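Geometric and topological summary
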Amino acid sequence: MIRLIFLFSFLAWATATQSQEINIAFISDVHYGIKRAHFRGEDFVDAQTVNKAMVNAIKALPVQHLDYIILTGDIANREEMGIQSATESWNQFSRDYIRGLPIPFFLLPGNHDVSNAIGFYKPMEPKTDASSMAGIYNSVFHPKIPKTKQTYHYKTDKINYSKNIGGVHLMFVNIWPDSANLVWMEMDMKKVTATTPVLIFAHDPPESDPKHFSGNTNGSTECHFENLLDEQYKDGDCKTTVTEQRRLCDFLSRHNNVKAYFHGHSNYTEFSTYKGIDGSLSLPVFRVDSPMKGKFSSVDESLLAFDIITINPKTRQLRVREYLWNKNPAVWGQETTISLK
């Protein structure tokens with residue numbers, strides 16, 4: 001009898017958990033190591049001060065519960081022009097976010113994190129420091145022997161992984177879905193049914209960035225390839241990625257259960273639709289602001305924002321809301337709801 005009571009109680013709890021809304025804070029491009037020109041009445045404010053303020057805003061969110069945090073890269077700023085080491089940036093981030101917010105994190109690298117690990121065409125000091133990449137890797141995969149800045153190797157230690165939350169499959173992709181990452185993505189899609197909704201998270205937008213591919217500069221001053229992606233750049237003009245997007249478009253066409261794409265890198269809030277290279281797609285895309293390099297919020301700090309992603313397992317809906325955290329008081333901004341059916 002006691003076992004039956006326990007079983008019924010457990011089933012009731014499981015049902016309630018599955019129907020409960022899941023809230024995720026979506027942030028990106030925190031760029032430890034640089035300074036904002038202005039913040040809250042002060043000039044030249046360091047990234048740690050600004051990010052601590054954003055951490056406090058996350059703690060004070062007007063939601064019943066916050067379940068996860070997703071950060072799509074550029075934890076450490078590139079070590080140019082006197083910028084602090086990736087080691088120091090990762091240590092500050094760990095103290096402020098991972099230890100400061102007792103909430104599960106999903107992390108991805110950005111182009112600055114990878115460049116610190118593999119080197120850059122402009123001088124850096126030190127020339128390489130893989131600390132933020134090693135820290136991301138350890139946070140995601142929890143290896144028995146943690147990676148260090150000496151033992152982390154970008155060629156073999158790519159950060160691609162997935163997680164099922166509330167009946168939704170979250171796919172975390174290293175920088176951008178290039179041809180190499182798409183091999184992993186195709187394998188990962190085999191883990192779920194064709195009706196399971198999938199959300200893609202990456203650092204780059206669906207169009208990517210020409211500089212992030214592999215290639216030779218050939219003396220060009222327009223395109224200094226950063227060799228962050230295994231795929232060789234093919235378009236030739238250093239401005240477009242039509243050829244490179246083709247395989248991603250084919251992937252999205254085959255998998256219509258991919259319901260949305262989330263990214264950072266461009267540093268401003270935008271809710272848009274990716275049409276693909278020929279206009280045949282209609283994929284909701286969510287770009288998120290940066291606390292340090294915001295295209296608009298760096299000029300007007302009242303526009304500083306991050307997003308809250310809400311998954312409703314019962315109604316199978318996804319709501320994304322902008323949260324303007326540096327207004328007084330903080331307010332909700334634009335929002336949209338899409339179907340996961």
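Everything here concerns the structure above.
First, a word on scope: everything that follows refers to the structure included in this document. It should be emphasised that the depicted structure is a prediction, and the values quoted were computed from it without experimental measurement. (Residues numbered from 1 in each chain as written. Predicted model: local features only at pLDDT ≥ 70, side-chain atom pairs only at ≥ 80, totals over all residues. Heavy atoms only, no water.)

We now examine the overall build of the protein chain. On a plain count of helices and strands, the protein chain comes out with seven helices and 14 strands. By the compact-globule yardstick of 20 Å for 341 residues, the protein chain fits well, its C-alpha radius of gyration being 20 Å. Counting only C-alpha atoms, the protein chain reaches 75 × 50 × 45 Å along its principal axes. Within the protein chain, the fraction of its 341 residues that count as buried is 55%. Sequence-distant contacts, at least 24 apart, represent 63% of the contacts inside the protein chain between residues at least 6 apart. Surface summary for the protein chain: the accessible area is close to 15,700 Å², and the carbon and sulfur share equals 53%. Each charge sign in the protein chain was given a centre, from 36 positive and 37 negative side chains, and these centres are 7 Å apart. (Helix = DSSP H or I, 4+ residues; strand = E, 2+ residues; numbered from the N terminus. Rg over C-alpha atoms; globule rule 2.2 N^0.38 Å. Buried < 20%, exposed > 50% of the residue type's maximum accessible area, 1.4 Å probe, protein only. Contact = heavy atoms within 4.5 Å. Areas by Shrake-Rupley, 256 points an atom, 1.4 Å probe, with all protein chains shown as cover. Lys, Arg positive; Asp, Glu negative; His and termini not counted. Charge placed at Lys NZ, Arg CZ, Asp CG, Glu CD.)

Take helix α2 (residues 47-59) next. Given a rise of 1.5 Å per residue, 13 residues ought to cover 18 Å, and the 18 Å separating the end C-alpha atoms of α2 matches this to within 8%. Of the residues making up α2, those classed as buried are A47, Q48, V50, N51, A53, M54, V55, A57 and I58. For α2, the capping residue at the N-terminal end is D46, with a side-chain oxygen 3.1 Å from the backbone nitrogen of Q48. (Expected span 1.5 Å × (residues − 1). Polar contact = N/O pair within 3.5 Å; in protein donor to acceptor, adjacent residues only side chain to side chain.)

What follows deals with helix α5 (residues 131-141). The element α5 is extensively covered by neighbouring structure, given that nine of its eleven residues are classed as buried. What α5 keeps buried is the set S131, S132, M133, A134, G135, I136, Y137, N138 and V140. Where α5 is buried, its residues contact α3 (86-98), β5 (105-107), α4 (111-118) and β6 (161-165). Trailing α5 by a residue or two, H142 shows a phi angle of about 50°, which is positive.

What follows deals with the pairing of strand β13 (residues 317-324). Of all the eight residues making up β13, six are buried; the element is thus mostly covered by neighbouring parts of the structure. The pairing of strand β12 (residues 305-312) with β13 spans eight bridges and is classified as antiparallel. Residue pairing for β13: I311 is matched across the bridge by L318. The hairpin formed by β12 and β13 contains four residues between the paired strands, and R316 there has a positive phi angle of roughly 55°. Of the pairings in the sheet, the one linking β13 to strand β14 (residues 331-339) comprises seven bridges and is antiparallel in character. (Pairing = 2+ DSSP bridges.)

One open sheet holds the six strands; their spatial order is β5-β4-β1-β12-β13-β14, and the pairing between them is mixed. Lying at the two open borders of the sheet, with one neighbouring strand each, are β5 and β14. Here the average twist between neighbouring strands, direction ignored, is 20°. As paired strands, strand β1 (residues 22-27) and β12 are joined by five bridges and run antiparallel to one another. Each bridged residue has a counterpart across the sheet, and for I22 the counterpart in β12 is I311. Running at roughly 30° to β12, α2 makes contact with β1, β4 (68-71), β12 and β13 of the sheet. (Axes fitted to C-alpha atoms, helices over the stretch in contact; angles between N-to-C directions.)

Further remarks concern the pattern of salt bridges. If you walk through the whole model with that rule in mind, you get twelve salt bridges. D209 is paired through a salt bridge with K211; the nearest N and O atoms lie 3.3 Å apart. A relative accessible area of 30% places K211 in the partly exposed class. Here the residues in one salt-bridge network are R78, E80 and E226, joined through shared partners. (Salt bridge = Lys/Arg side-chain N within 4 Å of Asp/Glu carboxyl O.)

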